[in-house]
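Tertiary structure, described
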Amino acid sequence: MKPSSCKCSEGQTARFDLKVVGRPMPDTYWFHNAQQVVSDYTHKIVVKEDGTQSLIIAPAMPQDSGEWTVVAQNRAGRSSISITLTVDAKETLVRPQFTEKLKNLSVKQGTLVELAVKAIGNPLPDIVWLKNSDIITPHKHPNIRIEGTKGEANFQIPSSVGSDSAWYTATAINKAGRDTTRCRVNIEVDYVEPEPERKLIIPKGTYKAKEIAAPEVEPLHLRYGQDQWEEGDLYDKEKQQKPQFKKKLTSIRMKRFGPAHFECRLTPIGDPTMVVEWLHDGKPLAAANRLRMVNEFGYCSLDYEVAYARDSGVITCRATNKFGVDQTSATLIVKDEKGLVEETQLPEGRKGAHRIDEIERMAHEGGPYGVTAEEETEKMKPEIVLLPEPVRVMEGETARFRCRVTGYPSPKVNWYLNGQLIRKSKRYRLRYDGIYYLEIVDIKSYDSGEVKLVADNNLGSAEHSVKLEIQQKEDFRTHLRRASEAKGGESTTETGKTPFEVVKVEKPTDDAQLKEVVKLKKAQRIVHEKSTEESEELRSKFKRRTEEGYYESITAVELKSRKRDESYEDLLRKTKDDLLHRAKEKEEAEKKKEEEHHKVTVKPLKPERVKLSASMEAPKILERITSQTVAQSEEVKFRVRVVGRPEPECQWFKNGIQLEKSDRIYWYWPEGHVCELVIRDVRAEDSASIMVKALNKAGETSSHAFLLVQAKQVITFTQKLEEISAKEKDTMATFECETNEPFVKVKWLKNNMEIFSGDKYRMHSDRNVHFLSVLIIQMNDDAEYTCEVVDNDRIRTTAKLNVEGAPLEILKQLESTEVPETYSGEFECIVSREDSEGSWFFRDKQLSASMRPVTLMQPLTDLTVCEGDIAQMEVKFSQENVEGTWMKNGQPISASGRVHIVIDKQIHKLLIEDTKKDDFGMYSFLVPAQEISTSAKLTIQTIGILIPLKDVSAVEGTKAVLEAKISAQDISSVKWYHNDKLLISSDRVQMVAKGAKQRLVLSRTYASDEGHYKLVVGRADTSCKFSVQTVQIVTPMKDKECSESENVTFKVEVSHPGIDAFWTFKRQPIKAGAKYKMEVKDKRHTLTVMNAMKDVEGEYMFAAGEKMCSAILTVSGGAIKKPLRDLVVADSQTAVLECEVANPSSEGKWLKDGQAFDLNENVLSEVNGTVRRLVIVITKATHIGEYTYQVASSKTSATLKVEAVKVKKTLKNLNVVQTQDAVFSLELTHENVRGAQWIKNGIEIQPSDKYEITTKGTVHTLKINNCTTHDESVYSFKLGKLSASARLNVEVIKILKKPKDVTSLLGETAIFEVGISEDDIPLKWMFNNSELRPNNHYRMLSEKKTHKLIVQDVDISTEGEYTAVVGHLQCSARLSVESLKVTKPLKSVLVPETQVVTFECEVSHFNVPSTWLKDGVKIEISDKFRIVVQGKLHQLKVMNASRDDSAEYTFICGTDRTSAMLTVSRKFFTFTCCCQ
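Residues numbered from 1 in each chain as written. Predicted model: local features only at pLDDT ≥ 70, side-chain atom pairs only at ≥ 80, totals over all residues. Heavy atoms only, no water.

Moving on, we come to the sheet that holds strand 91 (residues 1171-1176). Overall, antiparallel pairing links the 4 strands, which are arranged 85-87-91-90 in an open sheet. The sheet terminates laterally at strand 85 (1120-1122) and strand 90 (1163-1168), the two strands that pair on one side only. With direction set aside, neighbouring strand axes in the sheet form an average angle of 30 degrees. Strand direction decides the pairing type here: strand 90 and strand 91, joined by 6 bridges, are antiparallel. Within strand 91, the residue paired with Leu1164 across the bridge is Val1175. (Pairing = 2+ DSSP bridges. Helix = DSSP H or I, 4+ residues; strand = E, 2+ residues; numbered from the N terminus. Axes fitted to C-alpha atoms, helices over the stretch in contact; angles between N-to-C directions.)

On to the nonpolar core, then. Residues Phe262, Val276, Trp278, Leu302, Tyr304, Cys317 and Leu332 are the most contacted members of the largest nonpolar core, which totals 25 residues. Elements with a minimum of two residues in this core: strand 19 (252-254), strand 20 (258-267), strand 21 (275-280), strand 23 (291-296), strand 24 (299-307), strand 25 (313-321) and strand 26 (324-334). Here Tyr304 is in contact with Pro259, Ala260, Phe262, Leu285, Arg290, Leu291, Asp311, Ile315 and Leu332, once residues within four sequence places are set aside. Among the nonpolar cores identified, the runner-up in size contains 24 residues, and Ala1130, Leu1262, Leu1279 and Leu1282 belong to it. (Core = buried A, V, L, I, M, F, W, Y, C linked by side-chain atoms within 4.5 Å. Buried < 20%, exposed > 50% of the residue type's maximum accessible area, 1.4 Å probe, protein only. Contact = heavy atoms within 4.5 Å.)

Time to look at the pairing of strand 120 (residues 1456-1465). Strand residues, when the strand is regular, have side chains that alternate between the two faces of the sheet. Two strands pair when backbone bridges link them, and strand 113 (residues 1389-1392) and strand 120 are joined in this way by 4 bridges, in the parallel orientation. Pairing of Leu1390 across the sheet is with Thr1463, part of strand 120. In this sheet, strand 120 lies alongside strand 119 (residues 1447-1453) in antiparallel orientation, the contact comprising 7 bridges. Looking at the pairing, Ala1447 lines up with Leu1462 of strand 120. Where strand 119 folds back on strand 120, the antiparallel hairpin that results is connected by 2 residues, among which Gly1454 adopts a positive phi of roughly 65 degrees.

Our focus in this paragraph is the packing of aromatic side chains. With the rule as written, the count across this model stands at 24 aromatic pairs. Ring centres of Phe735 and Tyr785 lie 5.2 Å apart, and the angle between their planes is 35 degrees; on these two criteria the pair is classed as tilted. Within this pair, whereas Phe735 is found in strand 47 (residues 732-739), its partner Tyr785 is found in strand 52 (residues 783-789), the two being separated by 50 residues in sequence. The burial state of Phe735 is the same as that of Tyr785; both residues are buried. (Phe/Tyr/Trp six-rings, centres within 6.5 Å; stacked < 30°, edge-to-face > 60°.)

Take the environment of Tyr432 next. Mapped onto the fold, Tyr432 is located in strand 32 (residues 428-432). The exposure class of Tyr432 is exposed, given its relative accessible area of 52%. Put simply, Tyr432 and Cys403 are 29 residues apart on the chain and 9.8 Å apart in space, counted from C-alpha to C-alpha.

Another aspect to go through is the side chain of Thr169. Structurally, Thr169 is set in strand 16 (residues 166-174). Owing to a relative accessible area of 2%, Thr169 belongs among the buried residues under this scheme. A distance of 3.1 Å separates a polar atom in the side chain of Thr169 from a polar atom in the side chain of Arg182. (Polar contact = N/O pair within 3.5 Å; in protein donor to acceptor, adjacent residues only side chain to side chain.)

Turning next to a positive patch on the surface. A surface patch of like charges, here positive, comprises Lys90, Lys175, Lys237, Lys620 and Arg624. In this structure, Lys90 sits in the loop between strand 8 (77-88) and strand 9 (94-100). Taking the relative accessible area as the measure of exposure, Lys90 reaches 56% and is therefore exposed. (Patch = residues over 30% accessible without salt bridge, like charges linked within 9 Å, V, L, I, M, F, W, Y side chains within 5 Å. Areas by Shrake-Rupley, 256 points an atom, 1.4 Å probe, with all protein chains shown as cover. Salt bridge = Lys/Arg side-chain N within 4 Å of Asp/Glu carboxyl O. Lys, Arg positive; Asp, Glu negative; His and termini not counted. Charge placed at Lys NZ, Arg CZ, Asp CG, Glu CD.)

The next subject is the confidence of the model for the protein chain. When the pLDDT values of the protein chain are averaged, the result is 81; 83% of them are 70 or greater. The element-level mean pLDDT for the protein chain is lowest in helix 3 (residues 511-517), coming to 39, with strand 100 (residues 1259-1264) highest at 94. Counting interchain partners and residues more than four positions distant, the pLDDT-below-50 stretch residues 363-377 has 30 contacts. (pLDDT = per-residue confidence, 0-100.)

Time to look at the sheet that holds strand 34 (residues 449-457). Strand order in this open sheet of 5 strands is 28-35-34-30-31, and the pairing throughout is mixed. Because the sheet does not close on itself, it has two edges, and the strands there are strand 28 (391-394) and strand 31 (420-421). The pairing of strand 28 with strand 35 (residues 460-471) spans 4 bridges and is parallel. Among the inter-strand pairings, Arg392 is bridged to a residue of strand 35, identified as Glu469.

Let's shift gears to the pattern of salt bridges. Going through the model one piece at a time under the given rule, you end up with 44 salt bridges. For Lys247, the salt bridge identified is with Glu263, shortest N-O distance 2.9 Å. You can see Lys247 sitting in strand 18 (residues 244-247) and its partner Glu263 sitting in strand 20, a full 16 residues away along the chain. The partner of Arg427 in a salt bridge is Asp447, and the shortest N-O contact between them spans 2.4 Å. You can see Arg427 sitting in the loop between strand 31 and strand 32 and its partner Asp447 sitting in the loop between strand 33 (436-440) and strand 34, a full 20 residues away along the chain.

Most peptide bonds adopt trans geometry, and most residues besides glycine take a negative phi value. Residue Asn122 is joined to Pro123 through a cis peptide bond whose omega torsion reads -5 degrees. By the secondary structure assignment, Pro123 is in the loop between strand 11 (113-122) and strand 12 (126-131). In this structure, Pro268 follows Thr267 across a cis peptide bond, with omega equal to 0 degrees. Inspection of the secondary structure assignment puts Pro268 in the loop between strand 20 and strand 21. One non-glycine residue, Asn1232, adopts positive backbone phi at about 55 degrees. Relative to the assigned elements, Asn1232 resides in the loop between strand 96 (1222-1228) and strand 97 (1237-1240). Residue class for Asn1232 comes out exposed when judged on its relative accessible area of 60%. A positive phi is found at Asp1320, a non-glycine position, where the angle reads about 55 degrees.

Turning our attention to the pairing of strand 111 (residues 1369-1378). Here strand 104 (residues 1302-1305) pairs with strand 111 via 4 bridges, running parallel. Within the sheet, the bridge partner assigned to Val1302 lies in strand 111 and is Leu1375. Pairing geometry for strand 110 (residues 1360-1366) and strand 111, over 7 bridges, is antiparallel. The partner of Glu1361 across the bridge, within strand 111, is Arg1374.

What follows is the structure, encoded as structure tokens:
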């Protein structure tokens, strides 16, 4: 198996698989672009038992592109194979920006209004239009036409009217953000003569609230402050952004009534889940036509057209989304003018004003922006429009369910797991933000089963069930098995492949990492009986102390929560086991039934294997479907744009059920990659969750939306009147009913006769709830009462009021009483009527004046005594002087000298002295008058001494035991005597009977204990002598003084070892424990008082037998020597709270705001001798509060304040060129902050050769060295909730001018020149694979885009190829070196004097420097010598030659030369004369 090259997109997973064989089993190494790769966060190397290996890159990034090579090596040799990975980078997002903005416009009525905008961004933004903060839609604004939504849009009003005057806003939105532009359109309306005043009649539902004109402001950013927004303030669905007011409300104080304006700024901007509401004194602000509320792009305002004195109070703006709540408040104070009368002066009183308020509330459609209209909701039973989906998760992960439920009144939603109601707890989280959520964290195996959702209201209920499947955690085993019998031959490196030096990484492999990357066969899970699981969280919360008997203190709330959660989970486990047991039985029964009736053999279907190729692409939705609200009988369309390869097909679902095409519901493809679902003539039952699923062979994806169909409103009673009962003279009885519509007018009837509000009846309505109160109930109020709709007498509800007459009442109840015996007891009660008669009962028996029963309160019990002892038997009755008879074996007993009969009030006793064996028998006491009898058995034992007492000697202060053995077991009537004096048990002297053994135990012997001891049992006795050695205190204890929480030790030395010490504090015995430690070493005794406080101050005493000594302990000074001090730190800085205690070993605890808190990695407690520190490594706003350190009763407190860290100088976008360094710099308001992160593509940047992260004071810097196109991205700085981002754009370098080959002569200068596309980019020159540095031979010049290499004094060593390297680009040129040669030598010349002599020679190159010599001496140009160069031809001319010019002339060019001789001959003159 060999790996193959592949291609993927950024963020996807890339995988290479191969199988390696060899003997011994080879080691494998992976390389990326010649750099070795080991397992890390994104690269996983997996080795299976059969030798199969995998390299998994998840997620794949553009920098992972390139050549990947795997090398297998053992002792026999090595082999390698290379493949290529190509990772396509993600699309770059660009925030929208308007290039053509809106401008204010004024036109006349009836003319065309046309607006146009144009925006840029990536992807191309969608454009949305608003009119006075209301989104423009075709059904709301039919007179407005909008063309185009992507990048460009045209807005037209063909025939404008006065109501079209408004503020119009265009918003461009894409994934990267949004931009807005705004203008004012004024429609000039012709003046019309006012008509005469007439009465205004406003029909129900047609009232339109007066619009308050928007303030006339010029540019948008001045109103909304967009220059103050940061990029992090925009809504990002990938982040959990809580609402935050960046600008708070400002209080207003007005001297008289008038307009008032409140405004604030809110983030995140564009959050679709954000709900903004205004409150007055904590209650929702009531709708009124003089109010205007605006919420646009983070700008929230409240305008009072007129604010009166009654509007004074606290104005609050509250913002809520699914991640949290924030609010800001301010005070509005309007002083009252005495001359202003707000009460109506009409004779009708307040009825007219009430009518106006009622009309205002009914005209909810014309109410101000921001006021919700729940009144339109029709009464309907619950319906689940977004069904929860089945979930399959790994054990230990989180299972999430969600649903959306409609209905009115609002349904109550409950979740059930395997039939058990789910309560909110640590593992089961329930929340609601318009959608109901259930999250089960840390999922357990017993959670698997059925999750049911039940929604109900008073109209009905709905439910839906889904499956929750728990996938057991995979069990990994990694055993590398050596291949058998295979002999690997020596392999050589393949030609054309890059050889690698294999370096074995001596790094221990993390077991946890192996478990993460190695996937072997799944271990079968064996299900045993469930045992109680204890989470790490609970274990850490309830750690045990090392000291025996003590535990870490836990609060009652935590303990209660823990018990509730454990019991609840036990209940779920039991329910789950029960369900599994029943399901298993049911499944087996169905299986048997199916086998009997359907014995049909079906051939197993072989799944079709889908072959995937690199060219395939899973479906991707570019345009998702959107939720829509339509009226009945309209047509609705859902549009989705999806791409993929091969072309995906679309399936449509309604509430999870796949739709089938029909005449009313169908879908088609109107254009490429676009599918539309059309539902004609929509009905109320079409309201549902709509889903489209796009799928092909490479995968599938889906998109969800909601369809809401508004039905016609019909008034009904959703809650009818119920029959009630009252008693005569009750204060009030109230009937209550509810209609499905608010503000419905109703009337009340009694026995079908209309009744009116007054002293007897009170009627009022609260929106859709109507009340009737009947006051001071009388018997004639017993009747039928009806609530009837005024406009329709057929819509009514009736119930009866039942009145009961005043009953007989006990005004004063009986009270328990206690009296001494023989005294009288009296009970008293008071009833409401004097003529009433009652009966008295005692234990359900009616009493009469003469009757009083006698009861047996204490019967006889069996008794065993020793022969010679006294036997006493007694019985007790409820009354005194009861006459009765004592019997023995049925015979009456009479008193004698040895037998005594005693009567003590209610007690009857029988005493028998000096008991004998004849006294054995059954004894009874009879009361004939009351028919009461009781019996018991008397047993007489004869006892002897088996082992007598022996003489004993002991040391004073030690333990001594005297022991004897008698013939009977467990006899308690034994008596001990000391010197013939009866002993009585005490803390020091104890009589112990254990079987037949009788012991006298002296826990601490005194000197006075010495003497004669005797044991008497019945008529037997035994005696012995006890001697005591006295003890002396050699060194007594001394008084001590200490501070609180210190340890104090008292020391005592005695004369004998082995003494049992007896310590007391304030005359009370002390026991060893956490507070006191007692030690004995030979004759020395020590008592240590731990963590001494005021409560242990006092006298301590030591006793050794009867010898004692004492000392006083005085506790002065607190346990804390140096208190805490208040501390102010900045957000994310380290906060250290420090105090000093008196005792270094004392244990204390830290409290925050008086409550204990848990320590963690961020909050540490340090102990250094007597110093105690609380260190908060990274301080957040949540750490603000009062911190206390408490040692016993001493404590010290300090306040920790956290200042918010803000960005003083934010990040800026950078544009750099390849090979340059990019430096992002950000300045904060505080130094030494901790926890700052630099992030790229959601991954934290770690310092490396590529990235340098530095902090200097308040300035944080990220430096990216040698930038490449892979570094182009958005870089973010994050510190807690504070964040800032900027983009790095890396421009690509291009070589515009390449160097040319140069041929140069020896010793000459050669120049190479390169031109690139950007200025001042560093460029390297290479020669023979080595970088050149400036020296005698080379000079480098750079001027903007031009770079030159100057090679001076060219010789053979400088000949070769020169390369210019810039970034990843390079280009080369060659330098060739040639030598000069004389191709045509000089020739010797013979000339006569006065002639011009010319020497000529020709060289190999044009215009080269040369030298002429005359007899070895250089010739200079003069009148005598002239040197001429014409191309390759060089000439020397000797003017007016003379014999002195005769010589050897030499021409030198480079290293070549040529010579010739010049010979000048004498010139002879011939004179001719004529003689006459």
